[in-house]
Amino acid sequence: MLVTETAWGKRIKTDVLILGTGASGVGAALRAAELKADVLMVGQGRLESSGCLGGGNDHFMAALGTDEPNDTREAFVGFFMKSAFGYREAQLNQWFDAIKPCVKILEEVDTEFLIKDGKRYRSVGFGQPGAWWLHITNGTTIKRHLARRVRKSGVNILDDFHITRLFERGGHIMGCMGFNVLTREVYAIECKTAICSLGWHPQRLTNNSTGNPYNCWHMPYNTGSYFVLPMQIGASLVNIDISGRATLIPKGWGAPGMNGINNMGGKEINALGERFMFKYDPMGENGKRRNQVMGTWQEQVEGNGPPFYMDMTHFSDEDVHHLQYVLMPADKETYLDYCAARGIEFKKAPLEVEVSEMTVSGMLLADDRLETTVKGLFAGSNFTSFSGAMCCGYVAAFHAANDAASTEMGVIDDAEAQAEHDRILAPWERKGTNLLKYNDFEDPIRQIMDYYAKYRRNMAGMRLALEKLALVESYTDRVVATNNHELMRLHEAFDLLELCRAHLEACLQRKESGRGMYQLSDYPEKDPELAKGLVLTRKDGAFQFGWTE
C-alpha cells in the first residue's frame, strides 16, 4: 500500500480494495491474505464493531455435506436456485464450498457453537429442507474475535472511512473516494480490483411502530451504498424490486431473533387467540420469512390483529433459557434490557410482536466468478445471512486477488479528485439562510415510503412517491452539516434517496404480486411469465430495464 499527500487529501494505492468491513469484508480480507495479496479494507466504523455482525449473531447457516437429511450440495443449491434472489448455480456451488473453510475460521477464533450429543447442534429455518442453522452461544463477541484475526493477517485497514463515490474508466474499476468521519480528511484510493462488501440489507427507508429509524431490525448505518455506488458507475442490479426483507420484531423494539423463535417451535397467535400461520405456509411459523410477514399483515388487514404474539410458553426450561438468554442477546446485546424493562419472560407469557420496518435489497448482477458488469469490481455481499455474507466475501476475494496479479493500477486524476472533494465537503462549507439539516432531508424519504410504498401499494401511489422523492432531491443544495456526524448522515441520506428511487422504478416494471414482500392492489396475482430476474442499469441518469432468463 502506497500513500501520498496531495492538495485535496491523501492518495492511496492498493492491489485489492475491500469496500466494507462487516462479515463480507472480513471473509474477503482473510481469503485475500491467504493469497498474499496487497489488500486495503475500508469501512465506516471500526473493524471490531462494524457491520450487522458488529451487533452480534446467533446462527450461522451451514450445509456441511454430512449424512443428515438434505445436508447436501444438491439440496442447498436447489433451495436457493428456486428463491427470488436470482443466483447462478456456479455461485451457489462456491458458497457451499466456502462454508467449511469459514466455519473452520470461526472455530479458530473461539466461536462457541452449541454442542448436543457430541456434535454441533443445527436446526431448520425459513422453509429450508435441511437443519443448516448452527447455534452460536457467544454471538456478541464474534466480530471482535474475527477483527483480531484480520489485524494479524497483514491486511491494511482504514477505519472510520465513509465511501462517497466509486470511479471507473473504460468499464473497469479505478477506485473510490470518501472521507474520515472523525476528521473530515478526504482520501482517494486507487486499486487494481475491488470487492464491494457494503451489505445488502439497507435500513432507514421505512419505520416500525417506534418511528425511530435507528431502533431497527438490522444495522441502521446501511443505507444502500452496496447498490447505489456501483450503479452510479454502470453496474447492473437484479431483483431490487422483490428482494426486500422484513421480519417480526418485539413490539416497540427493533431486534432480530425470529429465526431462533421460529425454528425452536414458537407459535404465532393473533388477537383472537388463533394460531394462523399454517394458512400461509405449509411449514407454519418455520416457513419462508416472506410468508410470515405477509401472513401477519393479511391478518391485520382482516382485523384479526394487532396484537400479535409469539408463544414460547410450551418450551422446556432448557430450550426457553437457551432462546431468551443465549440466542436473543447474541443477536442484539440490549435484548435483555428490553425484556427487563417490560417484565418479559418467554416461559411465562407470549411475547407481543409487530411487523418490522421494510428493507430494500437485491443483488449486483454478477457472473459465475461474482464479477459485476464493471470489470474488476466483484460482488461481496450477494449471499444472504451471516453465512452468505462471510462466504460471498471469501469467494469474491479469491477471484479479485488472482485478477489483480495481471491488472494495471487504477488512476483517479486530480481534477476528478478535486471535484469529489468539493462535493463531499459542500454541506460543511455551505452558508446562508433557510438551510436544512440531515434529518430535514432524510425524514421525508421515510414518510413517502411509509405512505405510498410499504406492504400494500399500487402503481399510482409509487409514481406519486417518485414525484415526491424528486422534490426531496431538489433540496440537495440547501442541506448543511455543522459537525462531522451530520456530514456522514447527509451522505448516507443521499444514497438512501437514490436507493428508494431505483426500487420504485423497478417495482413499476413488475406487474404482479407474490414474489416480493408487498402486495399490489392493481396486480394481486403472481404472473408465471415473470418468474425471472429484473435487471436495472442506470445510464446517462436514466434507468433501463431487462429480464434474465
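Keep in mind it's a predicted model, so treat the numbers as computed, not measured.

### A word on the domain arrangement of the chain
For the chain, the assigned domains are domain 1 (7–110 + 138–201 + 364–414), domain 2 (257–354) and domain 3 (431–547). Computed from C-alpha atoms alone, the centre-to-centre distance between domain 1 and domain 3 is 26 Å. The partner domain 3 presents seven residues to the 10 residues of domain 1 that form the contact. In total, domain 1 and domain 3 occlude about 740 Å² of area from one another, counting both sides; carbon and sulfur atoms represent 63% of this. Put simply, domain 1 and domain 3 have three residue pairs in polar contact (both at pLDDT 80 or more) between them. Its residues placed into classes, the side of domain 1 that touches domain 3 shows five nonpolar, four polar and one charged.

### A short note on the pairing of strand β2 (residues 10–19)
For β2, the buried fraction is high: eight of the 10 residues fall into the buried class. Here four bridges tie strand β1 (residues 2–5) to β2, and the two strands are oriented antiparallel to one another. Note that in β2 the partner of Leu-2 across the bridge is Lys-13. Between β1 and β2, which pair antiparallel and follow one another directly, the connecting turn spans four residues, one of which, Gly-9, has a positive phi of 150°.

### Section: the sheet that holds strand β13 (residues 237–238)
Judged by pairing direction, the sheet is antiparallel, and its four strands sit side by side in the order β18-β13-β22-β23 without closing on themselves. The sheet terminates laterally at β18 (363–364) and β23 (542–547), the two strands that pair on one side only. Sheet analysis places strand β22 (residues 534–539) next to β23, joined by six bridges and oriented antiparallel. Residue pairing for β23: Leu-534 is matched across the bridge by Trp-547. Across the sheet, helix α14 (residues 484–507) is in contact with β22 and β23; its angle to β23 comes to roughly 45°.

### Looking at the pattern of salt bridges
With the rule as written, the count across this model stands at 41 salt bridges. Lys-13 serves as the salt-bridge partner of Glu-190, at 2.5 Å between the closest nitrogen and oxygen. Of this pair, Glu-190 sits in strand β12 (residues 186–196) while Lys-13 sits in strand β2, placing them 177 residues apart in sequence. The exposure class of Lys-13 is partly exposed, given its relative accessible area of 26%. Linking Glu-442 and Arg-446 is a salt bridge whose minimum nitrogen-to-oxygen distance equals 2.6 Å. Of this pair, Glu-442 and Arg-446 are both found in helix α12 (residues 438–452), four residues apart, which corresponds to roughly one turn of the helix.

### Focus: the sheet that holds strand β14 (residues 248–250)
Reading across from one edge, β14-β17-β16-β15 is the order of the four strands in this open sheet, with antiparallel pairing throughout. Each edge of the sheet is formed by a strand with only one pairing partner; in this case those strands are β14 and β15 (267–269). Taken pair by pair, the neighbouring strands of this sheet meet at an average axis angle of 40°, ignoring direction. Where strand β16 (residues 308–311) lies against strand β17 (residues 351–355), three bridges are found, and the strand directions are antiparallel.

### Here we look at the packing of aromatic side chains
Under the definition given, this model contains 23 aromatic pairs. With centroids separated by 6.1 Å and ring planes inclined at 80°, the aromatic side chains of Phe-79 and Trp-132 adopt a geometry described as edge-to-face. Taken as a pair, Phe-79 in helix α2 (residues 73–81) and Trp-132 in the loop between β7 (122–123) and β8 (133–135) lie far apart in primary sequence, 53 residues in all. With a relative accessible area of 16%, Phe-79 lands in the buried category. On the basis of an interplanar angle of 65° and a centroid distance of 6.0 Å, the ring pair of Phe-276 and Phe-308 is categorised as edge-to-face. Remark: Phe-308 occurs in strand β16 and Phe-276 occurs in the loop between β15 and α7 (289–301); sequence separation between them is 32 residues. Taking relative accessible area as the criterion, Phe-308 reaches 2% and is therefore assigned buried. Among the aromatic residues, those joined into a cluster by ring pairs are Phe-76, Phe-79, Phe-80, Tyr-87, Trp-95, Phe-96, Trp-132 and Phe-383. The cationic tip of Arg-457 hangs over the ring face of Tyr-518; the distance from NZ or CZ to the ring centre is 4.1 Å.

### Some points on the UniProt feature "active site" (unreviewed entry) in the chain
According to UniProt, the feature "active site" (unreviewed entry) maps to Arg-290 in the numbering used here. Here Arg-290 shows up in helix α7. Sequence-distant contacts of Arg-290, defined by excluding residues within four places in its chain, comprise Gly-514, Arg-515, Gly-516, Met-517 and Tyr-518.

### Remarks on the side chain of Glu-299
Looking at the element boundaries, Glu-299 is found in helix α7. For Glu-299, the contacting residues outside a window of four places in its chain are Asn-270, Phe-276, Lys-279, Tyr-280, Asn-304, Gly-305 and Phe-308.

Here is what the cut-offs are and how they apply
- In this numbering scheme, every chain counts its residues from 1 along its sequence in written order.
- Since the coordinates come from a predicted model, pLDDT governs what is reported: local features require at least 70, and pairs of side-chain atoms require 80 or more to be given and counted, while whole-chain, interface and lining totals use all residues.
- To obtain the side-chain values, all non-hydrogen atoms of the structure were used and water was disregarded.
- The split of the chain into domains comes from an automatic or database domain assignment.
- Contact criterion: two residues are considered in contact whenever any of their non-hydrogen atoms come within 4.5 Å of each other.
- As a working definition, buried area equals the accessible area (1.4 Å probe) given up by two parts on being put together, with both sides summed.
- Whenever two N or O atoms come within 3.5 Å, that pair is a polar contact, provided that in protein one can donate a hydrogen and the other can accept it, and provided that, for residues adjacent in sequence, both atoms are side-chain atoms.
- Note on residue categories: nonpolar means Ala, Val, Leu, Ile, Met, Phe, Trp, Tyr, Cys or Pro, charged means Asp, Glu, Lys or Arg, and polar means any other residue, Gly included.
- Burial classes follow relative accessibility: with a 1.4 Å probe on protein chains only, a residue under 20% of its type's maximum area counts as buried, one over 50% as exposed, and anything between as partly exposed.
- Working definition: helices are DSSP H or I runs of at least four residues, strands are E runs of at least two. Numbering for both runs from the N terminus.
- We treat two strands as partners when DSSP finds at least two bridges between them.
- Inter-axis angles, ranging from 0 to 180 degrees, are taken between N-to-C directions of lines fitted to C-alpha atoms, where helices are fitted over the stretch in contact.
- Any carboxyl oxygen of Asp or Glu that lies within 4 Å of a side-chain nitrogen of Lys or Arg is treated as forming a salt bridge with it.
- Side-chain rings of Phe, Tyr and Trp, where Trp is taken by its six-membered ring, are said to pair if the distance between their centres is within 6.5 Å; with planes under 30 degrees apart they count as stacked, over 60 as edge-to-face, and otherwise as tilted.
- Whether a charge lies above a ring is judged from NZ of Lys or CZ of Arg, which has to be within 6 Å of the ring centre and within 35 degrees of the ring normal.
- UniProt positions are given in the numbering used here, feature names are shortened, and annotations may be inferred rather than shown by experiment.

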